[in-house]
2 protein chains.
Amino acid sequence: MRFELDRIKRPALLLDEARCRANIRNMADRARKSGVIFRPHFKTHQSKNIGRWFREEGVTAITVASVPMAAYFIEDGWHDITIAFPLNLRETDEIRRLTLKADLNILVTQAGTLEEFAREFKGNSRPAGVFIKTDTGYHRTGLLPSDIPEIEKIISICRKNPLLIFKGFLTHAGQTYLARGREEIEAMGRESIRQMKTLQEAGGRGSHPLLSVGDTPSCSILGDFGGMHEIRPGNFVFYDVMQTVTGSCSQGDIAVCLAVPVVSKDAGRREILVCGGAVHLSRELLKWKGHSIFGLITRLSPEGWDPPMEGCYVNSLSQEHGVIRVNYEAFATVRPGDLLGILPVHSCLTAQCMGSYLLPGSETADHM
Amino acid sequence: MRFELDRIKRPALLLDEARCRANIRNMADRARKSGVIFRPHFKTHQSKNIGRWFREEGVTAITVASVPMAAYFIEDGWHDITIAFPLNLRETDEIRRLTLKADLNILVTQAGTLEEFAREFKGNSRPAGVFIKTDTGYHRTGLLPSDIPEIEKIISICRKNPLLIFKGFLTHAGQTYLARGREEIEAMGRESIRQMKTLQEAGGRGSHPLLSVGDTPSCSILGDFGGMHEIRPGNFVFYDVMQTVTGSCSQGDIAVCLAVPVVSKDAGRREILVCGGAVHLSRELLKWKGHSIFGLITRLSPEGWDPPMEGCYVNSLSQEHGVIRVNYEAFATVRPGDLLGILPVHSCLTAQCMGSYLLPGSETADHM
């Protein structure tokens, strides 16, 4: 089956199923070899279709970014879900309803919030699992591992409440996205794991809290997970240009590419205007070889896409316009009416903007 | 009618109908007083509901950013539409079908592209209007007013083809978005108009090309349009924080505000974490008082929102997380479970991300 490029009139997000399945298989293998639970984050693809490719690799437990995303995947038969976003008290009722359909884990960062939740959750017929969100260096949210008083308060609320099952500690070492190269990722990942291990006795002897780590860079690079029990990477399902710069993957691992129609050319600036802007790619920006770029450029064929073209990148974006800087050879050969491919800086946001995937044979995969 | 804040569980884009209607009325008045055609750009709101508020102000001609957007508004009875995006040859068939339902103007930047279009458009039962996209300083796309040979080629293609009606010249002086203050906007707007006026004899004596200008900053500031025939502003329907910095509007003119649930607080960093990230606001960034911000913070009430709180802003965004820096007073009083309001940096992209509007009484307005 081949991509039916002639039928593409406007930006379309091409999905390379073979690469995507290879990315899933590789990460599942890494988890198996290291003896950790593989609970992939589904926020990157947000797709029931792609979720089934994970199921074919034996995955049964997943991570999501929101309560509606949990509901979406429950509809497709997923029954073991961690909502990896700190508890939003306005969603207590919805969480309660979802616990009746699946084993749900919630995330807390403050004892006071969990107390309020517990009051409303009282009398529920099924329990919720509780993870403590832990900050091991990203400094976005979560308790520092040294904040033992607050950690003990949360564990003690769970002990007193049979509907709240204390599960363990969860961190997202998002600082690895700023790494440049495998050694830096490895160092950051190890440091995050070291901090998580200080928590293995938390909750007292015999408590055995589960330690869960998550970022794609360290999950892609580390040879073992040093005593962690679970990994939750998400972006690896597609990877993207940012991850090649970080050092998590090679360009050949990127599994999505935005096909865009060429609209006009400006010889003076050696620029190509495409139909494809911030509403398709998102405004995620990356420093790359001295430029600030919104994506790399590739040629498309019915079989997929080529490696990026030397010196070609998305230089600026408006709402629907993309301006591409190209080399002389590309400028000479690309014509209005052609398609070009853009490898996205951040595949999660591009997938969210596009809302569906195009496969060979003009099949599509859903996005929530 | 009041905003039913208690029913908001997740990010919701509040729309202040009175402010929005006032923005529409003011711009319609400016156009009337200056004797120019008011052809508002509907890409900002992309809403049939809001489009009807324009109709109530006497608007009959509109601008859109894409072919699907034209189709969307034709469904709601709009019959005079300029697609202000350079002609995408892959959409020729769809454009042909739409010309049967409405008076459609297309945009061209290259004679070669129009020639290819003309070949496929041959035999159509209805004509299309043709505007030449002109670059008066934004340098995104379009012909320089000095590029008379290419301009004459395009006009000559139209002369030979009864289905292509040459309408005139269209520019978007997007450089005004970089202005700081009314004087700079005025100077940039006047310079763009000066360049457009050099084209008033193009096409030969008696040709009377229509001159169309468009950006919200100059349309909001200029007292007259110096011989232009048409204005096409879009963003003014909502305005946003970027436009207050540019000098186009005051904070009290902003007509949309993202309501976000407060999730947790970090005393060490004096930061508040909200449910509301890049998938809700977009990643549009603005330099503001020495910070890079993604939005300003306000308190919500059932009547709407207050002026922004001093020294409070969205400091960073992940996919679903927003991190807000606040002052001492706000940190002390805001609690998990509360709602806060975020005035967006760029309302067009936030509206696109959110996909609908919330009005008082829990009514909603559509987004394409």
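One can find the structure itself at the top, above this paragraph.
Note that this is a predicted model, so its numbers are computed, not measured.

Looking at this structure, how should I read the overall build of chain A?
The helix and strand inventory of chain A stands at twelve helices and 21 strands. Here the C-alpha atoms of chain A give a radius of gyration of 22 Å, agreeing with the 21 Å that 2.2 N^0.38 yields for 368 residues. Taken over 368 residues, chain A has a buried fraction of 62%. Across chain A, every contact between residues at least 6 apart in sequence was considered, and the portion connecting residues at least 24 apart equals 67%. Total accessible area on chain A is roughly 13,700 Å²; 49% of this is exposed by carbon and sulfur atoms. Here chain A carries 44 positive and 42 negative side-chain charges, and the mean point of each set is 1 Å from the other.

Whenever I open this one, the nonpolar core confuses me. Can you help?
Within soluble globular proteins, side chains that are nonpolar tend to cluster in buried spots. Counting 116 residues, the largest nonpolar core has B:Leu15, B:Phe54, B:Leu114, B:Phe169 and B:Phe238 as the members making the most contacts within it. With 115 residues, the next largest nonpolar core counts A:Phe38, A:Ile74, A:Ile83 and A:Trp305 among its residues.

Is there a simple way to think about the packing of aromatic side chains in this case?
The relative placement of two aromatic rings is captured by the distance of their centres and the angle of their planes. Residues and elements named next belong to chain B. Overall, the coordinates contain 22 aromatic pairs over all chains when judged by the stated rule. Geometrically, the ring pair formed by Phe38 and Phe54 is tilted, given 6.4 Å between the ring centres and 40° between the ring planes. Taken together, the residues span a long stretch of sequence, with Phe38 in strand E2 (residues 37-38) and Phe54 in helix H2 (residues 48-56) at a distance of 16 residues. Each of the two residues, Phe38 as well as Phe54, counts as buried. Between Phe42 and Trp78 the ring centres are 5.3 Å apart and the planes differ by 85°, which places this aromatic pair in the edge-to-face class. Of this pair, Phe42 sits in the loop between E2 and H2 while Trp78 sits in the loop between helix H3 (67-74) and strand E4 (80-86), placing them 36 residues apart in sequence. A residue is classified by how much of its surface remains accessible, and Phe42, at 0% relative accessible area, is buried. Among the residues examined, Trp78 registers a relative accessible area of 1% and is labelled buried.

What am I meant to see in the pairing of strand E17 (residues 313-317) of chain B here?
Residue and element names in this part refer to chain B. Here four bridges tie E17 to strand E18 (residues 321-325), and the two strands are oriented antiparallel to one another. Within the sheet, the bridge partner assigned to Tyr313 lies in E18 and is Arg325. From the end of E17 to the start of E18, which pair antiparallel, there are three residues.

Got a minute to help me understand the pairing of strand E4 (residues 80-86) of chain A in this structure?
Remark: a regular strand shows side chains that alternate across the two faces of the sheet. All names here are of chain A. E4 sits mainly inside the fold: six of its seven residues count as buried. Sheet analysis places strand E3 (residues 62-64) next to E4, joined by three bridges and oriented parallel. Across the sheet, residue Val64 finds its bridge partner in E4, namely Ile83. Assessed by its sense of winding, the connection that carries the chain from E3 through helix H3 (residues 67-74) to E4 is right-handed. Note that E4 and strand E5 (residues 103-108) share four bridges and pair parallel. Note on E5: the bridge partner recorded for Pro86 is Leu107. Considered for its hand, the β-α-β crossover made up of E4, helix H4 (residues 92-99) and E5 is right-handed.

Explain the side chain of B:Ser47 to me, please; I cannot follow it from the model alone.
All names here are of chain B. Note that Ser47 resides in the loop between E2 and H2. Using a relative accessible area of 0% as the deciding quantity, one classes Ser47 as buried. Excluding residues within four positions of it along the chain, Ser47 makes contact with Phe73, Tyr357, Ala365 and Asp366.

How do you make sense of the interface of chain A and chain B when you look at a structure like this?
Listed per partner, the contact involves 57 residues of chain A and 57 residues of chain B. Across the interface of chain A and chain B, roughly 4,500 Å² is buried in total on both sides, 49% from carbon and sulfur atoms. Three residues stand out in chain A for area buried against chain B, namely A:Arg90, A:Arg140 and A:Gln319, and they jointly supply 18% of the buried area on that side. On inspection of chain A and its partner chain B, the count reaches ten salt bridges. With a closest N to O distance of 3.3 Å, B:Arg283 and A:Glu284 form a salt bridge. Connecting chain A to chain B are 28 residue pairs in polar contact (both at pLDDT 80 or more). Breaking the side of chain A that touches chain B down by element, the ones donating at least two residues are H3, E4, helix H5 (111-121), strand E10 (256-266), strand E11 (271-275), helix H10 (278-281), strand E18 (321-325) and helix H12 (347-354) of chain A. In terms of residue count, the dominant contributor to the side of chain A that touches chain B is E10(A) (five residues). Looking at the side of chain A that touches chain B residue by residue, the classes come out as 23 nonpolar, 15 polar and 19 charged.

I would appreciate a short explanation of the sheet that holds strand E3 (residues 62-64) of chain B in the present structure.
Whenever strands of a sheet pair, they do so through backbone hydrogen bonds, lying parallel or antiparallel. Residue and element names in this part refer to chain B. Reading across the sheet, the eight strands line up as E2-E9-E8-E7-E6-E5-E4-E3 and stay open at both edges, with parallel pairing between neighbours. If you trace the sheet from one side to the other, it starts and ends with E2 and E3, each paired once. This element, helix H6 (residues 148-160), spans strand E5 (103-108), strand E6 (128-134) and strand E7 (164-171) of the sheet and lies at about 150° to E7.

Sorry, what's going on with the sheet that holds strand E6 (residues 128-134) of chain A here?
Residues and elements named next belong to chain A. Overall, parallel pairing links the eight strands, which are arranged E2-E9-E8-E7-E6-E5-E4-E3 in an open sheet. Pairing within the sheet leaves two strands with one partner each, and these edge strands are strand E2 (37-38) and E3. Packing of H5 onto the sheet brings it into contact with E5, E6 and strand E7 (164-171), and relative to E7 it is tilted by some 145°.

How should I be thinking about the relation of the copies chain A and chain B in this particular structure?
Turning chain A through 180° and shifting it by 0.0 Å along the axis lays it on chain B, with an RMSD of 0.0 Å. One copy is carried onto the other by what is essentially a two-fold rotation axis. Closest approach to the rotation axis within chain A is made by the C-alpha atom of A:Arg283, at a distance of 2.8 Å. A share of 100% of the interface residues of chain A reappears at the interface of chain B, consistent with the copies meeting face to face through the same patch.

What is the right way to look at unusual backbone geometry in this model?
Trans is the common state for peptide bonds, and a negative phi is the common state for residues other than glycine. Its identity as a non-glycine residue notwithstanding, A:Lys289 has a phi of 45°, on the positive side. Following the sequence through the fold, A:Lys289 ends up in the loop between strand E12 (286-288) and strand E13 (291-293). With phi around 60°, B:Ser362 is a residue other than glycine that occupies positive phi space. Taking the relative accessible area as the measure of exposure, B:Ser362 reaches 24% and is therefore partly exposed.

What counts, and at which threshold
Residues numbered from 1 in each chain as written. Chains lettered and ligands numbered in written order. Predicted model: local features only at pLDDT ≥ 70, side-chain atom pairs only at ≥ 80, totals over all residues. Heavy atoms only, no water. Helix = DSSP H or I, 4+ residues; strand = E, 2+ residues; numbered from the N terminus. Rg over C-alpha atoms; globule rule 2.2 N^0.38 Å. Buried < 20%, exposed > 50% of the residue type's maximum accessible area, 1.4 Å probe, protein only. Contact = heavy atoms within 4.5 Å. Areas by Shrake-Rupley, 256 points an atom, 1.4 Å probe, with all protein chains shown as cover. Lys, Arg positive; Asp, Glu negative; His and termini not counted. Charge placed at Lys NZ, Arg CZ, Asp CG, Glu CD. Core = buried A, V, L, I, M, F, W, Y, C linked by side-chain atoms within 4.5 Å. Phe/Tyr/Trp six-rings, centres within 6.5 Å; stacked < 30°, edge-to-face > 60°. Pairing = 2+ DSSP bridges. Right-handed = clockwise from strand over helix to strand, strands pointing away. Buried area = accessible area lost by both parts, 1.4 Å probe. Salt bridge = Lys/Arg side-chain N within 4 Å of Asp/Glu carboxyl O. Polar contact = N/O pair within 3.5 Å; in protein donor to acceptor, adjacent residues only side chain to side chain. Nonpolar A, V, L, I, M, F, W, Y, C, P; charged D, E, K, R; others polar. Axes fitted to C-alpha atoms, helices over the stretch in contact; angles between N-to-C directions. Least-squares fit on C-alpha atoms with pLDDT ≥ 70 in both.

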